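One-letter residues, chain by chain:
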Amino acid sequence: MRVAAHTLGCKLNFAETSDLLRRYAQEGNTIVDFRDEADLYLINTCTVTAVAEKKCRAAIRQAHRQNAAAQIIVMGCFAQRADDEIRRMAGVSEVWGNDRKGLLAHSGDERTRTFFKIQDGCDYFCTYCAIPYARGRSRSASLEETLCAARRIAAEGTKEVILTGVNTGTFGQGNGEQFLDLLRRLDDVEGILRYRISSIEPNLLTDDIIRFVATSRAFLPHFHIPLQAGSDHVLQMMHRRYSTALYRDKLEAIKSLMPDACIAADIMAGFNGESEEEFDKALAFVDSLPLSYLHVFTYSDRPGTAALRMDEKIPVPVRHEHTARLLELSAKKHRQFADSQLGLRRPVLWEHTDHDGRMAGWTDNYLRIMRPYDEGLVGTIEEVVISPDNLVDE
Ligand code: SF4
């Protein structure tokens with residue numbers, strides 16, 4: 001059977017799709033490109049924005065156009081939320097809920113880096129977010145099972161592992177286990193040279209975790225800490241579990257131990273009730289933080305969420321204007337961070353992709369570096385002096 005897959009949304013979805021494809025390949029099926037004719041199309045969907053849902057519908061229609069006789073299996077968060085709508089679409093043979101997804105998965109198309117899903121679901125119910133409804137409550141495999149999966153990843157020759165989850169820091173909470181204990185044990189897994197934590201909520205990033213990362217063998221000075229809003233009033237409206245002061249404390253704790261750490265933040269533009277004055281202040285607050293760049297999202301009403309029913313909607317053009325200003329700030333922060341690293345020597349893990357005779361790699365603190373292609377360097381770590389010539393301006 002020819003099997004093709006299309007994935008939308010987060011790294012978790014990508015890890016899950018890769019796992020499924022690996023299983024289909026092991027059973028003797030041929031994996032083909034999603035643009036090709038296949039006998040089975042797997043579509044792993046996302047519901048985070050209305051745009052993501054539109055892309056899911058388009059992918060289903062594309063698969064059906066390419067082969068009207070093919071089976072189409074639709075899974076993921078949009079499938080979970082809009083099961084009935086998707087079942088009615090032409091060509092769809094099965095709709096899988098998120099409960100059919102495994103608790104451990106990893107992406108497998110890279111020889112050097114992999115996204116390793118260690119946790120699923122979330123109990124936080126932030127008012128704008130549909131994920132707890134789509135993915136269910138926080139859950140994870142046991143620490144020992146997770147370690148076994150990490151050892152298998154090491155045996156495949158993967159050098160860098162990015163720990164991924166919906167609310168990663170809640171790993172183990174249903175099993176009486178701690179995220180920090182998992183980090184400590186993973187650090188001892190032979191063969192894995194580097195770990196990154198894909199994202200962790202500020203209230204779960206304890207000082208012990210920060211100290212551990214600073215002194216560990218393989219955890220890198222790279223953090224992704226969702227902020228979402230730069231004012232306490234909006235954070236409360238969002239039901240986030242921290243204040244702007246706590247957020248700043250965490251960043252300062254990181255920088256005091258790891259001055260060259262890269263720190264990224266998610267931030268949302270145009271959430272209900274954020275006045276123009278509040279937005280200006282929030283922008284100044286974000287600018288004052290030692291952040292390296294931002295992931296900017298534009299608020300959109302999601303079915304089933306508490307924010308949908310809130311008043312004081314921000315007009316859509318204003319949401320887009322705030323998004324543009326945040327993106328501008330992100331570019332400035334990234335330039336400042338990259339400039340601060342010029343002339344420093346940082347370890348780079350070289351990847352296998354040949355970009356027209358050049359190869360790329362990431363420093364420990366997440367700067368993209370390029371050099372002429374050398375097959376012998378793939379999967380190795382080299383100390384590189386950062387310069388305007390080798391730095392990729394992303
Ligand atoms: S922490 Fe909040 S934003 Fe993140 S998945 Fe859970 S509910 Fe959504």
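What you see is a predicted model, and the numbers here were worked out from it, not measured in a lab.

Reading the values: the criteria
Residues numbered from 1 in each chain as written. Predicted model: local features only at pLDDT ≥ 70, side-chain atom pairs only at ≥ 80, totals over all residues. Heavy atoms only, no water. Salt bridge = Lys/Arg side-chain N within 4 Å of Asp/Glu carboxyl O. Helix = DSSP H or I, 4+ residues; strand = E, 2+ residues; numbered from the N terminus. Buried < 20%, exposed > 50% of the residue type's maximum accessible area, 1.4 Å probe, protein only. Near = heavy atom within 4 Å. Nonpolar A, V, L, I, M, F, W, Y, C, P; charged D, E, K, R; others polar. Arc of directions from axis to C-beta. Contact = heavy atoms within 4.5 Å. Phe/Tyr/Trp six-rings, centres within 6.5 Å; stacked < 30°, edge-to-face > 60°. Domains from an automatic or database assignment. Buried area = accessible area lost by both parts, 1.4 Å probe. Polar contact = N/O pair within 3.5 Å; in protein donor to acceptor, adjacent residues only side chain to side chain. Pairing = 2+ DSSP bridges.

### A short note on the pattern of salt bridges
Here comes step 1: One pass over the structure, following the stated rule, counts 33 salt bridges.
Here comes step 2: Note that glutamate 16 is salt-bridged to lysine 117, the shortest N-O span being 2.8 Å. Within this pair, whereas glutamate 16 is found in helix 1 (residues 11–26), its partner lysine 117 is found in strand 7 (residues 113–117), the two being separated by 101 residues in sequence.
Here comes step 3: Looking at glutamate 16, the relative accessible area reads 6%, which means it is buried.
Here comes step 4: Lysine 117 sits in the buried class, given a relative accessible area of 0%.
Here comes step 5: The residue arginine 302 makes a salt bridge to glutamate 53 at a minimum N-O spacing of 2.7 Å. You can see arginine 302 sitting in the loop between strand 12 (293–298) and helix 12 (316–341) and its partner glutamate 53 sitting in helix 2 (residues 50–66), a full 249 residues away along the chain. Taken individually, arginine 302 and glutamate 53 each receive the classification buried, so the pair is uniform in this respect.
Here comes step 6: The network of salt bridges with common partners includes Arg113, Glu160, Arg194, Arg196, Glu351 and Arg368.

### With respect to the site of the ligand
Here comes step 1: Residues in close proximity to the ligand include Cys122, Tyr124, Phe125, Cys126, Tyr128, Cys129, Ile131, Pro132, Val166, Asn167, Glu201 and Arg240, which together make up its full environment.
Here comes step 2: Residues of the shell around the ligand, tallied by class, amount to nine nonpolar, one polar and two charged.

### With respect to helix 7 (residues 179–187)
Residue pairs spaced three or four apart in an α-helix point in one direction, given the helix's 3.6 residues per turn.
Here comes step 1: Phe179, Leu180, Leu182, Leu183, Leu186 and Asp187 are the residues of helix 7 that are buried. Each buried residue of helix 7 sits inside an arc of 155° when the element is viewed along its axis, so together they form one side.
Here comes step 2: In this fold, the buried residues of helix 7 make contact with helix 6 (143–155), strand 8 (160–164), strand 9 (194–197) and helix 8 (207–215).

### Topic: the packing of aromatic side chains
Here comes step 1: Using the criterion set out here, one finds nine aromatic pairs in the structure.
Here comes step 2: Seen from their ring centres, phenylalanine 125 and tyrosine 133 are 5.3 Å apart, and the 75° between their planes marks the pair as edge-to-face.
Here comes step 3: Ring centres of tyrosine 242 and tyrosine 247 lie 6.4 Å apart, and the angle between their planes is 40°; on these two criteria the pair is classed as tilted. Pair check on accessibility: tyrosine 242 and tyrosine 247 agree, each one buried.
Here comes step 4: Ring pairing ties together the aromatic residues Tyr128, Phe271 and Tyr299, which thus form one cluster.

### Brief notes about the domain arrangement of the protein chain
Here comes step 1: In terms of domain boundaries, the protein chain breaks down into domain 1 (2–100), domain 2 (103–196 + 206–216) and domain 3 (345–385).
Here comes step 2: Placing a centre on the C-alpha atoms of domain 1 and another on those of domain 2 gives a separation of 24 Å.
Here comes step 3: Taken together, the contact between domain 1 and domain 2 spans 14 residues of the former and 16 residues of the latter.
Here comes step 4: With both chains or domains summed, domain 1 and domain 2 bury close to 1,200 Å², and 62% of this area falls on carbon and sulfur atoms.
Here comes step 5: A per-residue breakdown of the area domain 1 buries against domain 2 is headed by Lys11, Leu12 and Arg22, which together make up 38% of the total.
Here comes step 6: Where domain 1 meets domain 2, there are two salt bridges.
Here comes step 7: At the boundary of domain 1 with domain 2, the tally comes to six residue pairs in polar contact (both at pLDDT 80 or more).
Here comes step 8: When residues of the side of domain 1 that touches domain 2 are traced back to their parent elements, those giving at least two are helix 1 and helix 3 (77–81).

### Details of the sheet that holds strand 2 (residues 30–31)
Here comes step 1: Pairing is parallel across the open sheet formed by five strands, whose spatial order is 2-1-3-4-5. In this open sheet, the two edge strands, each paired with only one partner strand, are strand 2 and strand 5 (92–95).
Here comes step 2: Across six bridges, the pairing between strand 3 (residues 40–45) and strand 4 (residues 71–76) is parallel. Following the sheet pairing, leucine 42 is matched in strand 4 by isoleucine 73.

### Some thoughts on unusual backbone geometry
Here comes step 1: The residue phenylalanine 125 is not glycine, and still its phi comes out positive at about 50°.
Here comes step 2: Within the secondary structure, phenylalanine 125 sits in the loop between strand 7 and helix 5 (131–135).
Here comes step 3: In this structure, glutamate 312 is a non-glycine residue whose phi angle is positive, near 55°.
Here comes step 4: The topology assignment puts glutamate 312 in the loop between strand 12 and helix 12.

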